[in-house]
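Fold and geometry: a report
Residue-level listing of the chains:
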Amino acid sequence: MDIVLITTVIASLFLVIGVSEPLAARLRLPYTVILASVGILIGAGALFFLRTDLTDALNPVAEAILGLPIKSNVFLYVFLPTLLFQATLGMNLKRMIDDWVPILMLAIVAVVAATISVGYALSWASTLPLMGCLLIGAIVSTTDPSAVVSIFRSISAPRRVARIIEGESLLNDAAAIALFGLFMGFVTLGTPNPTLIDALAQFPRLILGGALIGWLTARCAVWVMAAFERYELAQISLSVALPYLAYIIAEQSVGASGVIAVVVAGLTLNLTGPGRLPPQAWINLREVWDLLAHWAGALIFILAALLIPRLLEDVRLGDLALLGVVILAAIAARMMILFGLLPMLTMLRVSPPVERRYRVAILWGGLRGAVTLALALAVTESVRVPDEIQRVVGILATGFALFTLLVQGTTLRLVIRWLGLDRLSPIDDALSRQVVAVALQTVREDVARTAENYDLTHDIVRAEAKEFGVRLEAAVKSAEESDDILERDRVTLGLISLAAFERDIILERVRERTISARMAEQVLHNADRLIEAARTGGRSGYQRAARRSVAYGQSFRAAVILHHRMGISKPLVRLTADRFEQLLSQRLILKDLGAFIEGRIRRIYGRRLADLLQEMILRRIEGVETALDGLRLQYPGYAEELERRFIRRTALRIEEREYTTMREDGVIGSEVYTTLMQDLSARRAAVEERPHLDITLQRVELVRQFPLFEDLDDASVKRLGRALKTKYANAGDVLVHKDTTAKRVCFIASGAVELESAGQTWRLGRGEMFGQMAILMQKRLRVEARAIAPSTLLIMDEERFRRLLSRSETLQSAVQASAEKRGIAPDAFASTQEPE
C-alpha cells in the first residue's frame, strides 16, 4: 500500500478525532457515540464505494481504509495497555483503597452475573451450545463508564460514586478477559475441553503472576527514572515503554494476565512516582499520558466501528430476536447488581449509600465499546472456532455494542434530566446565589477603582455603573431569598468551601515546592476526605475526617508491632518520618486558612459562621500540635530539621523566581540563566533529601522529659528507656477496661486520657500516669481509661514499677498526690511497696 495513502488515512483519522469532541459537545452526546457513528459511516462508505459501479475513483481510498491491519491483537496489545495505564495514573489511589470492597465486588460479581445471565438466556432461546452462549456473555459483560462518569463530574455528583464506577470498570476488563479465555477453550475445535478445576487453578497464576510482573517492571522503571532526574524526556519515554513491556512479558513469557500487569504497574508508578520524580516532571508525564489515552480511546472506537458493517453482513431476522434476549438479560443482570448487591453492601457499611436515581443513571450509562468489539473480533479471526459460533458472536456482540452506543448513549442526557440530576441541590443553589452576590460586590468596587485610576469618561462610567447596579440588586435579592436555609446547611456550605480552599492551598504549595511531592498525595487525600465528609456528614463528618487526618493509621500500628516484636525498624522509620512531615505540612496549611475565613467566608456567610469555622480550625491546629508534641518528645531535634528544610526550600523557590524575573526582564541572558538554574537544581536536590530519623536512640531522651524520673541517674534512665514500651492511641481508643487485672502502668508522653469510674471523670495530660492504684492496692481496675486525643504512652510492667517506686522519692510523691486527688488514703497501699 502506498505510504502517501497510508499517511493520508492516518491524518484523516486524527482530523476526525479533532472534530468529534467539539461536535459531541455541540450535540450534547457522549464523545464515544460520535466516534463510533463516524467510524460506522466511514466503514459503510468504504464498502459502498468499493462495491458500487457508480465510480472507481475512490477505490484506492476505500481499499486503504478496509485494508488497515485491524486485528484483535492491535486492540489488546496497542490500545488497551494505554487506556488502562492512564486510568491508573489518574486515580486517587488512597481514596480508591477506602472503597476496595464495593469496587472488587462490583467488578467481579457484576461480570460473572452478566456472563451467566446472558449465557443461560441465550442457551434457552437458541440452539447454540451452552459454552458458546457463556462466551458471548463474557464478551458483553465488560462496561465502559466514561460517558456516565463524565456526566457525573459535570453535575457535581458524589465523587465517591464516580470513583467506585471508575474502579469497577478498570477491573472488570481483567475479569471479562479471564472468563473469555476460559470459555474460548471450550468452543475451540481440536483442543480438549478444560475441566472446571483446571480452569479455576489458572486464576491464581493469571492474577498473582500478572501482579508480580507489573510490580517488578514498575519498580525497575521508577529506579531508572529516578536516576535520570535531569532528563525529563527520558523519564516520559520510559513511562511509555512500561505498560507495553509489562503486558507483553506477562502474556507471552509467564502466561499471566497482561491486564493485571498493566494495572499493577500503573498503580505502583502512581504510588511511588510522585516521591521519586521532580514535581514538574510528574505533571508533564501525566499530561503526556492524558493525550496518549485520548488518542488511543478515540482510535480504538473509530477502528472498531470500521469493522461493524463487515461484522453485520450476514445478519438474519432470527438474530435480531437473539439480540433482544442479550439486551434484556444484560440489563437484568446489571439491575440485580445495582438494586440488589449494592444496597446490601451499603447495609453492611462497606459501600457508601448511592441514591436510586444515580443507580438508574449508572444502569443506563453502562455502555459497551472497544473491549467488547475486540474480543468479538478475536473469535471471528480464530479458524478453530465453528463458523456458526463465529457468525453469532460477531453479530450479537456488535449489535449489543451498537444498541448501548446509539440508544443508551444518545438518550443518556435525557435520562439524567428526567432523573433531575442536572439540577443543583438546594444547598448548592443557595451557595451559588451567595457567591454571585459577593462576587458582584467585589467586581463593582474593583471596576470603580479602575475607572478612577484611568480617568474614564464620567457619563460612560455612570451609565455602566447604573446597568451593573441593576444586576447587583437582583443578585442580592436572590441571595436574600435563600436565607431561609437551615443553619445546619449553612455550616455544611461553609465547611465545603473551607475544605476546597484548603485543597487549593496544598496544590499551590506543591507547585512552589514548599510541600514535598512525597507528602502531596497524602495531604491532598486528607483534603478530599474533608470535602466528602463535609458534603455527606456536615459538621460532624468534617470533624471526624479532621480527627482521622492526625490519627495513627493501621499501617503505622503494624509497623510498631514489627519493630517491637521482630526488630524490623525500616517501616516504622519511614512512617514516623512521613508523619512528622505530614503534620508539619498540615500545620502550615491550617495557618493559612484564617485569612480566607475572615475574607471570603465572612462576606458570604456572615460573622457568626466565620467565628464558628475559626474555632474549628483552632481545634484542628491544637490537635496537630498535640500530635507533633508527641513526636518531638520521642525524637527531639527532628522537627527542627524539617522546619529548617522548609525554610531552605522556600529560599530556593524565591531565588528561582528572581532568576526567572531577571531573565524575562532581559537583565541576564539564557546562558547565564541556564548556569544559575543548574546550580540551583543541584542545591535543591540536596535539600529535597529528607533527614534521616534514628528511632533507636531517642527513648532515653523521652524518659528524661518526665518530671517523674528526674531523680534517676543516667544509668537508671538508660535501663528504663530500654524497658519501657511505646503505645500509640487515637482519640476514642479504650486503653484500660473496667474489672480487669492491673498488670502495667501507663505514663502519658503526649496527648490526653480520660478516666471514668462510678460516674466521675478525671482528665490526665502529659507527664501523668494511670494504672498504678490498682497495682498497689492489689485490686481489679475500677476505672476505664480512654484517649481523648492522639496520644503516646510509655508502658511499664508491674514488677519494674514496684522496683522503681521503692527507690524514687519523686515517683512516690506523685503516687501519693494522685491518691489524695481521688480520695484514697495513703495507708491503703503503703504496705504493698517492696524494698529494693
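What you see is a predicted model; the values in this text were computed from it and never measured. (Residues numbered from 1 in each chain as written. Predicted model: local features only at pLDDT ≥ 70, side-chain atom pairs only at ≥ 80, totals over all residues. Heavy atoms only, no water.)

**Points about the overall build of the chain**
A count of helical and extended segments in the chain gives 32 helices and eight strands. Across the 836 residues that make up the chain, the buried fraction comes to 49%. Considering only intrachain contacts with a sequence separation of at least 6, the fraction spanning at least 24 residues in the chain is 80%. Total accessible area on the chain is roughly 40,900 Å²; 58% of this is exposed by carbon and sulfur atoms. (Helix = DSSP H or I, 4+ residues; strand = E, 2+ residues; numbered from the N terminus. Buried < 20%, exposed > 50% of the residue type's maximum accessible area, 1.4 Å probe, protein only. Contact = heavy atoms within 4.5 Å. Areas by Shrake-Rupley, 256 points an atom, 1.4 Å probe, with all protein chains shown as cover.)

**A few points about the pairing of strand β7 (residues 784-787)**
With burial as the criterion, only one face of β7 is covered, namely that bearing A785 and A787; the residues E784 and R786 on the opposite face remain uncovered. Two strands pair when backbone bridges link them, and strand β2 (residues 734-736) and β7 are joined in this way by two bridges, in the antiparallel orientation. Directly across from V734, in β7, lies its bridge partner R786. When strand β4 (residues 753-757) meets β7, the two strands line up antiparallel, connected through four bridges. Note that in β7 the partner of E756 across the bridge is E784. (Pairing = 2+ DSSP bridges.)

**Overview of a nonpolar patch on the surface**
A contiguous nonpolar surface patch, about 700 Å² in accessible area, is contributed by W100, L104, M105, I108, V109, V112, I116 and Y120. Of note, L104 is situated in helix α6 (residues 100-125). (Patch = residues over 30% accessible without salt bridge, like charges linked within 9 Å, V, L, I, M, F, W, Y side chains within 5 Å. Salt bridge = Lys/Arg side-chain N within 4 Å of Asp/Glu carboxyl O.)

**Looking at the packing of α6 against helix α14 (residues 317-347)**
Following both chains from N to C, one finds α6 and α14 inclined at 150°, their axes separated by 8 Å at the closest point. In terms of crossing hand, the pair formed by α6 and α14 is right-handed. Of α14, the residues touching α6 (which contributes P102, M105, L106, V109, A110, A113, A114, S117, V118, A121, L122 and A125) are L322, V325, V326, A329, A330, A333, R334, M336, I337, L341, L342 and L345. In the contact of α6 with α14, the residues fall into 22 nonpolar, one polar and one charged. (Axes fitted to C-alpha atoms, helices over the stretch in contact; angles between N-to-C directions. Left-handed = near helix turned anticlockwise from the far one by under 90°. Nonpolar A, V, L, I, M, F, W, Y, C, P; charged D, E, K, R; others polar.)

**Structural notes on the environment of L708**
Among the structural elements, L708 can be located in the loop between α28 (699-704) and α29 (714-723). Since its relative accessible area comes to 9%, L708 is described here as buried. The spacing of L708 and T810 is 102 residues in sequence and 5.7 Å in space, taken between C-alpha atoms. Sequence-distant contacts of L708, that is, excluding residues within four places in its chain, are made with F747, G767, M769, S808, T810, L811 and A814.

**Structural notes on the sheet that holds strand β3 (residues 744-750)**
Across the sheet, which stays open at both edges, the four strands sit in the order β1-β8-β3-β6 with antiparallel pairing between neighbours. Looking at which strands have only one partner, the edges of the open sheet turn out to be β1 (725-729) and β6 (769-770). Sheet topology note: the β1/strand β8 (residues 791-797) ladder contains five bridges and is antiparallel. Residue pairing in the sheet places K725 in a bridge with I795 of β8. Against the sheet, helix α31 (residues 798-807) engages β3, β6 and β8, with an angle of about 85° to β8.

**Looking at the sheet that holds β2**
Here four strands make up an open sheet; going across it, the order is β2-β7-β4-β5 and the pairing antiparallel. Each edge of the sheet is formed by a strand with only one pairing partner; in this case those strands are β2 and β5 (760-764). Strand-to-strand, the axes of this sheet are offset by a mean angle of 30°, without reference to chain direction.

**Points about the environment of T674**
Mapped onto the elements of the fold, T674 is located in helix α27 (residues 670-688). Along the primary structure T674 and Y659 are separated by 15 residues, whereas in three dimensions their C-alpha atoms are 9.8 Å apart.

**Some words on the pattern of salt bridges**
Scanning the model with the defined rule gives 16 salt bridges in all. Ionic pairing is found between R503 and D528, a salt bridge with its closest N-O pair at 2.6 Å. In this pair, R503 is assigned in helix α20 (residues 487-512) and D528 in helix α21 (residues 517-550), connecting sequence segments 25 residues apart. The class of D528 is buried, set by a relative accessible area of 5%.

**A closer look at the packing of aromatic side chains**
Throughout the structure, instances matching the rule amount to four aromatic pairs. Look at F14 and W295: their rings are 5.3 Å apart centre to centre, the planes differ by 90°, and that puts the pair in the edge-to-face class. Of this pair, F14 sits in helix α1 (residues 3-27) while W295 is found in helix α13 (residues 279-311), placing the two residues 281 residues apart along the sequence. The class of F14 is partly exposed, set by a relative accessible area of 33%. Between the aromatic rings of F85 and W289, the centroid separation amounts to 4.7 Å while the plane-to-plane angle is 55°, which identifies the pairing as tilted. Of this pair, F85 sits in helix α4 (residues 72-89) while W289 sits in helix α13, and the two are 204 residues apart along the sequence. Of the two residues, F85 and W289, both sit in the buried class. (Phe/Tyr/Trp six-rings, centres within 6.5 Å; stacked < 30°, edge-to-face > 60°.)

**Focus on the pairing of β5**
Sheet topology places β4 next to β5; five bridges connect them, and they run antiparallel. Its bridge partner lying in β5, E754 is registered against R763.

**Comments concerning a positive patch on the surface**
On the surface, K718, R719, R722 and R807 cluster together to form a positively charged patch. For the positive patch, the leading source of residues is α29, giving three residues. Following the sequence through the fold, K718 ends up in helix α29. Overall, K718 belongs to the partly exposed group, its relative accessible area being 44%. (Lys, Arg positive; Asp, Glu negative; His and termini not counted. Charge placed at Lys NZ, Arg CZ, Asp CG, Glu CD.)

**A look at the nonpolar core**
Counting residues in each nonpolar core, the largest one holds 102 residues, and the members touching the most others are F75 and I139. Take this core: its biggest share by element is 15 residues, from α13. Residues in contact with F75, not counting those within four places in the same chain, are I70, L80, I300, L303, A304, L307, A374 and L377. Grouped together as the second largest cluster of nonpolar side chains are 61 residues, L530, Y552, L590 and L593 included. (Core = buried A, V, L, I, M, F, W, Y, C linked by side-chain atoms within 4.5 Å.)

**As for the side chain of Q582**
Locating Q582 in the fold gives a position in helix α23 (residues 570-591). For Q582, a relative accessible area of 12% translates into the label buried.

**A word on empty space enclosed by the protein**
Summed over all chains, the structure comprises five cavities of 30 Å³ or more. Volume-wise, the largest cavity comes out at about 80 Å³. Along the wall of the largest cavity there are 10 residues; nearest its centre are L106, I164, I165, L342 and I362. Every element with two or more residues in the lining of the largest cavity is listed here: α9 (159-187) and α14. At four residues, α9 tops the list of elements feeding residues into the lining of the largest cavity. In the lining of the largest cavity, the residues fall into eight nonpolar, no polar and two charged. Roughly 60 Å³ of volume is contained in the second largest cavity. What lines the second largest cavity is A110, A114, S141, T143, E168, N172, A330, A333, R334, I337 and R368. Secondary structure elements with two or more residues in the lining of the second largest cavity: α6, α9 and α14. (1 Å grid on protein atoms, 1.4 Å probe; cavity = no way out; pocket = protein on both sides within 12 Å on 5 of 7 lines; lining within 4 Å. Points joined across faces, edges and corners; volume = space filled by probe spheres on them.)

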